[in-house]
Every structure is written in C-alpha cells, then in structure tokens.
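Single-letter residue listing:
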Amino acid sequence: MALIDQIENDTLLLTRDGRLARALRLRLITEQAQNGRRAWRTPLIQSARQALVREWESSWPIASLLHPAQSKAMMQQIIDTSPEAESLLSTGSMARLAMEAEHLRRHYHLSLDAPEFKAFAESAAFASWSKRFTKAKSEINAIDFDDLYQILKVHRPRANKILLAGFDRLTPLQNALFESWKTMGVQIIHADISRRSNKNISARIYPTFSDEIHELAAELREMLERHHGVAENMPSVAVVVPNYERLMPVLDSVLRRYLAPHTLYVEQNEVASLPYHFTRGTALNHHELIAVALLILGLRQYHNVIDKISALLLTRRIAGYAYEQDGRARADIYLREHNGRRMPFRSIVHATKKFAPGLHRRLCSMQRVLSRYNDTASSLVWARRFRRRLQLMGWPGDMQMNENTAVAYRRFNEELERFASLDGMLPAMSFDKALESFVEVISEQLFLPQQNYRAPIEIMPLENLAGHHYDVAMAVCLNTDNLPKHQNTNPLIPAELQRRTGMPAADPQVALEQARKIAENLKYVAQDVSISCHEMTEEGAPLLPCSLFDGWIRSAQKNMESVTSSVALEASNENPIPIQHDEKSPILIKHGIRVLADYARSPFFAFAIHRLKTVPFPEPVEGWTADLQGTLLHDVMKFFWREVENSTNLERLSDTEKTHLLGECFDRAAKDCHILESGRISTTLLSLERIRQIHIIVRWLKYESTRPEPFEVVATEQTGTIEIEGLEFRVRMDRLDRIKSDDQDYYLLWDYKTGQNSATEKGWKPESLLEPQLPAYAALADFGGIKIDGIAIAQIADGRIKTAFQSGFIKALTDSDKPKSLANWNQCIEDWQKSLALSARGYVEGRAELLPRALQDNEFTHGFLKKII
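Note that this is a predicted model, so its numbers are computed, not measured. (Residues numbered from 1 in each chain as written. Predicted model: local features only at pLDDT ≥ 70, side-chain atom pairs only at ≥ 80, totals over all residues. Heavy atoms only, no water.)

> How would you sum up the environment of F117? Please name residues and give values.
Relative to the helices and strands, F117 is located in helix 6 (residues 116-119). Linking F117 and L492, residues 375 residues apart in sequence, is a C-alpha distance of 8.8 Å. (Helix = DSSP H or I, 4+ residues; strand = E, 2+ residues; numbered from the N terminus.)

> Describe the sheet that holds strand 2 (residues 44-47), naming the residues involved and giving the relevant values.
If you trace the 4 strands from one edge of the open sheet to the other, you get 2-1-5-6, paired in parallel fashion. Edge positions in the sheet fall to strand 2 and strand 6 (187-190), since each has one partner strand and no second. Direction aside, neighbouring strands of the sheet carry axes that sit 25° apart on average. Where strand 1 (residues 11-15) meets strand 5 (residues 161-165), 5 bridges bridge the pair, whose relative direction is parallel. The residue bridging L12 from the neighbouring strand is I162, located in strand 5. Strand contacts of helix 3 (residues 48-57): strand 1 and strand 2, with the helix running at about 105° to strand 2, the strand carrying the most contacts. (Pairing = 2+ DSSP bridges. Axes fitted to C-alpha atoms, helices over the stretch in contact; angles between N-to-C directions. Contact = heavy atoms within 4.5 Å.)

> Lay out a nonpolar patch on the surface in plain terms, naming residues and giving numbers.
A contiguous nonpolar surface patch, about 230 Å² in accessible area, is contributed by L685, L688 and I691. The topology assignment puts L685 in helix 29 (residues 683-704). (Patch = residues over 30% accessible without salt bridge, like charges linked within 9 Å, V, L, I, M, F, W, Y side chains within 5 Å. Areas by Shrake-Rupley, 256 points an atom, 1.4 Å probe, with all protein chains shown as cover. Salt bridge = Lys/Arg side-chain N within 4 Å of Asp/Glu carboxyl O.)

> For unusual backbone geometry, give the residues involved together with the corresponding values.
The peptide bond linking W395 to P396 adopts the cis configuration, its omega dihedral lying at 10°. Inspection of the secondary structure assignment puts P396 in the loop between helix 17 (379-392) and helix 18 (403-420). For H109, which is not glycine, the phi torsion reads 55° and is therefore positive. Looking at the element boundaries, H109 is found in the loop between helix 5 (91-107) and helix 6. Judged by relative accessible area, H109 falls into the partly exposed class, the value being 46%. (Buried < 20%, exposed > 50% of the residue type's maximum accessible area, 1.4 Å probe, protein only.)

> How would you explain the state of the cysteines if you had to name every residue and give the values?
A full pass over the atoms with the stated rule returns 0 disulfides. With no disulfide partner, C477 has as its closest neighbouring cysteine sulfur the one in C533, 9.1 Å distant. When its relative accessible area of 1% is taken as the criterion, C477 is described as buried. (Disulfide = S-S within 2.5 Å.)

> Break down the environment of V381 for me, with residues and values.
Take V381: it is sitting in helix 17. You can call V381 partly exposed: its relative accessible area is 28%. Considering only alpha carbons, one finds V381 and D423, 42 residues apart in sequence, at a separation of 8.6 Å.

If you want it as structure tokens, here you go:
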C-alpha cells in the first residue's frame, strides 16, 4: 500500500528517528506529485522524541526537561562522589555506560531491589547511582525523556490514529504507553513503509577488506565521473554497511582519497561539500570549522604540537587570512626548521612577528590570556573564557559560509551554551578538565549536513534501511563477524536479568530475528542492489559470508562451500591451559621478548593477546605511523654508526658533515624500507620526515660527543635467539658499545626508544620485570663470548633527549649526568635470570591472573581493556 493511502486526516505518523521522518516526508511529496496534485493537507510525520515532547509541552508542564548532556553531567557528578570513583579508569565513560543502563532498566521495568542487582559489585554500584539520580532529578523538579513514557500514559494524544514506522520491536515501556492510548480510543497501527521494486541483485567476493573498500570507492568515483555535469541524471546511491560505528571512520578515510577531487567543481571562494555524507551524521568536532575552534581552545603556554599549530596557521578560519597567506606559510616553515615536535607559545608568537603581523597581534593578545586562567572555575566561567579565546583569534574568520558550515557554527554555539548550563551539575574544574569535558560534549553530538544533490551518495547502517528507497544500493562487509551483530550486553545490569527480560543485546534469538528483517529490507531498498564480502582479514584469518545472504552469494560463486551449518560453542575452561610441546625442541615465540613484558604487566593480558590472539580493531592513521618512524630512525642510526664506527671519528665530523652523512643514511634507509613504493607516504611527507629525523639525531649525537670515555660501536641491529624454559625468542639488539675505562674493555648494550617518556630504569626491577628486553639480552644472549657490563636506553624523540642506564663499571654517561651508585652486576644478572625463568614458566603453564596494577597501566590497557569499558 502506498504511503499516501495510509495517511488520513488527524493521523500521526510516528517514526523511530528524525531521519526516517524526513525521508518519509520527501516520499509523501513525491507520491502526491506523481498523482498530479498541486496542493494537499500536510500530514503530521514526527520522530518519537519530537512527538512525545510536543504532547508533553501541550499539557503546560511545570517540571523542566533535561537535555541528554545535562542528564549525563548529573550522573557523572553522582559517580564522582561515590565510593567506587577511585577504582574507575574514567568516570566520564562510566557515566555514559550508566545512562545506557538506566535507559534499559526503565524501558524493561527492572526493579533495583531485585536480588540480581545485589549479587555483583558492578550492579550494586549502579543501583545506588540510579537511586541517587532519581532523587537528584526530583530535588530540582526535572525529568528526562524516558520519564515522558510514564507521564503521558494518562494524557490522550491529539491524534485519533497513530501509525508506527520503523519500530521493529517495541520495548515494554513503549508498549505500555501505546496500550494505554488504545484504551482511550486511539488507533495504533504498524505502518507498511516498504516499497516493492524490480530487483537486479548481484554479489561479489573479495580477498580482503582493503580490496573490498577500495573497489567500492573506485566504483563510486567512476559513477561520479560518468554523471559529471548532468546532476539531474545522477542516480541516488546508498552505501549500506553493518557495524556502522566501526567501519565509518575507515570508509571516510578511503572515500576522501578517491572522491575528494570531484568536489572541485564550484565557483572561486566557495567551499565544496564532499560528494557523500553519513546518514547518521558525524561527530560535530569532525567538522572543519569546529576542529579549528578546538585547536584554538587547546593552545597552551608550553608543549604545543607542531602539526596542530601548522593546521591553525594555514587555516582560512581565523581572521586576516587573505593578505597573510604567504606569510603564515613562511612562519610554518620557520617553526618546523627551528623547533621539535612540541614548542612553547612564545616561539609561535616570535615566528609570526616578521611574516604575519596581523596574526602576530592576535597571538600577543592570546599570550596574555594563556598566562591567566590557572585556577579552577565552573563550567559557566569556562564557557565565557572559551568564547573569549575564539574572539581573540577572529574565529570563524571572514570566509564565506555555506549552508552546512552555518548550521555547524550555530550548533557549536548551542553546545557552548549547553556546556555553560551544566554549572552546578559539574564541580569546579581546571582548564584541562574543562576542555576535556567540553570536547566530550561536542563529540557526542552528531552533525547531519544537508544532502548534496550534486552527488547524493548516502552511507547508512543496515538497521536503518526500512522506509528508504534509492536507485542503487551497495551493501559491503556482509561477513559473519558483522551480521548478526555481536551481543553487547551492558555490564552494569546482570546478564541473566537481561536475558530473562528479552533485551535484544542479550537474546541471540531476538538478534537473529532482527538480522533477518534487515536482510529482507535490503531486497526492497533499491532497483539495483549489490552485496559484497571478503574472504579473510588483513592478518590472514579466514572469514565466512553472512548466511542470511547465502543464496545470493552462491550465485556469485557456485563452488563456494555452504555457510549455513551451525557453529558449536565450546564451554569455557577456567583452568590454566598449558602449551603442549616436545620438551626436546623449544617453541619459537612469534612476538619475542614482548610476551614476557606483557606477562609481567598481567598474565591475563599476555594470555589473551598472545595465546587467544586478541587484537583491537586498528585505528586508521593517515601519513606516518609511530612504528614506521621508529623503524626508519633505527635504520638511519645503523647506517650512520657503520660509517662512523667510534667516538674519535664522531669528534672529527663537523655539524655540516654530520647532517650530510645523516641525510645519505636516511635516503638509504627509506629506499630499503620501500616507503615511496608503498604509496602511503608522499615525497613531500618523506622530505619533512627527513628534516625532522636529522634534527633530533644531531641533538642526540651532540649528547654522545660529551661522553668522557672513548667508545667504539662494535655491533648494530644484530639478530639472534634466546631460550628460556623451553621457549625460544628471536631478538635484535640495537647497538653494542666497547668502552675503554681504567685500561679495561667494558661492553654497554643500547636500546633506542623513539616514544615520549620511554627512558626509565624502573622496569628493570627483578620483582616486577616490566621491561625485560635489555635484561634478557644481558643475562641470556650469546654475543660471541662477550660479557655485557651494562645496559642503557636512549630516548631519541622530538624535543627531548633522555637516557637511563644500569651498569657495574660507570656512574654517569656524561659529565653533565647525575652520578648514580654502581650496581652489583653479577647479582643483577642472577636476579634477572630467575625472574625471566619464572615469567616464561607461568606463560607456558597458561596462567592468566588479572593483576590489579594492570588496570592502572593506561598505556597498556588503551587498546584492550579501556576500549571494552
């Protein structure tokens, strides 16, 4: 039945979300025009949130309705003042999780006094927070959106007939509201919003995820080129993805590379939109205008990152850009040549004084502001200070705004006012905490730009298909790891209670039924539908296509094995699982000594990462990665010392000769790494990295030239193996020095570190050997009969040169270093051997304890536990 035939006078079409409401309004207009009508009564099509708020406001309410950001701030304040706050990694993340649990609890009528909430510490803590949250709302006479379902049960809506669109499954709270309205004489009907069309369905299978995404981008680019200049003939295209939150940033990164050139079709001084957009929108802080504002707010007196300063200097979103464009570019070059990766604000002011006087005056005013505001203040005060910073820099600039940018600008100011309204809900805070809280508020707000009709490519999640129609639909990544969706229960509500009440995230049958509906909707979303999947992950693990599309995929690959067989789940075994092996032959461990480092932090993480192969989803990175930069620097140092060999030759080199030799070593290292051939790094990026690495290595060589004892580099980047308790590790040492002291030869083992704050000897304590690499080399490696007399770490990073060492023959590496007592070297070697053997034995036996100190290791838990929380 057509949508126009279902809507009558005095009918409310209630949709799942605002986007579906907009789509149905456009569809209704199309149907009316096809019937030859020029004017018609506008029906009421609203999202559930919009409609319920409208009904509630019509009753002249006394209470105030809290915005989601205000509710979260109130919950966070409750958690911050609770006894559990000290044991949490992030109270902000926990507040978000608690609000999700509160939403589920109320929608599924869960009693906080149920015995299940008392059985677990997490559930008991949430029950306490939820009760305090309810009490806090009543004290300020406020309600949130979920309260409207209860309040409006006794309020008859103005519509006599309500059509529900896009609600695949009603929660008990929603169902209770609609049943109450039925008793008042209101018709509640599920609307049929599907559209039957002639289907042309095709399926493809690609080797890897990268192949699939790049082929998708290539097809979209070809489509844009084919219809360039004939916008009215451009078909509407939907790119449909499962696991939307995970795949969206990857798609955005790839599509920008393929499709961005097609945005350069506009008049001069206009800003072109990308030829695609995400139907759920993107976080507000991702918009170019808002990103510049956050760069301005993030300026500090010290430790400003050069990449962010460059983006700020070259942006068109601060005042005075037109007449200072070349000057700002020269200031950027000057900063990169005379500073490291981080720099004080006074360096930025100094660089712009000569090249960009207009910007210089603004930065001088900003410098006076940065010297203040070191106190704690409320969110209202910080909102005023943030606005003052933006005004000083002339944001949003004198560049003309298009419609989308104007909407983003208005939304940003609304969120700034909303942040100010949290005064009293959030405690007084420092600048860093205030900026962090504001960025969190911004990042949680979605910005949905207006559709670009030049190339209407929409990227949307599978679950939002119902009710939409396009000329072409392309569904990608339809593998079993994406659909049906993985069960993701809320950890603050007992899992048994979630299963018993039938929450979709806890009930596999419900999840499977929803997946079937999604697959059925895909057949009717467009006239031409193509689906695709890939056969393996980037790491080489095999994947299966989703069995819900098995028939389509069989037609694409007839020799494909059946994927409809059920998967048997093995029961979990809490006992340690030892590694089975022949004791006569050692087991080669792939990840080297890192396994023992992870085991020292927590046996649980070592077991999960190296035995169960647990890995976080890789975050997309454009340009240089830290690993690639570190590998390149290691190779440059290797080639340099093979040429120079010792401290005597180093002293003979002038600064110019050092720079020239390092440049040759860098070029050789880059060629050996095949960086340019990979296509990831351009020649411009490579030349900038060449300048950066030469700069920091020259600083390190100046430090080495102050060492009082002469030294000779006898080995660099040498590989070998170490055997510990039946485990064999492949190792590679960075550098071995021979030092002449008191007419005797001593050997010092070096390890290069290119990260920030990574040079420390605290990890060498035998009782907690968190950094076992150098101790293992010194205690167990065979260097041709050479006895190691000391170990040292060299931190070679932007803006910071630092060393850490432990030895039995030297008290300081240079005259400027603070002397330290000599170590009992033989005792250190013995203690390290025992500690390494103990860790290796525990790993072999399958120990998997979760040590409390591992939860406080932010760097270690960032990619694993912190993502889960």
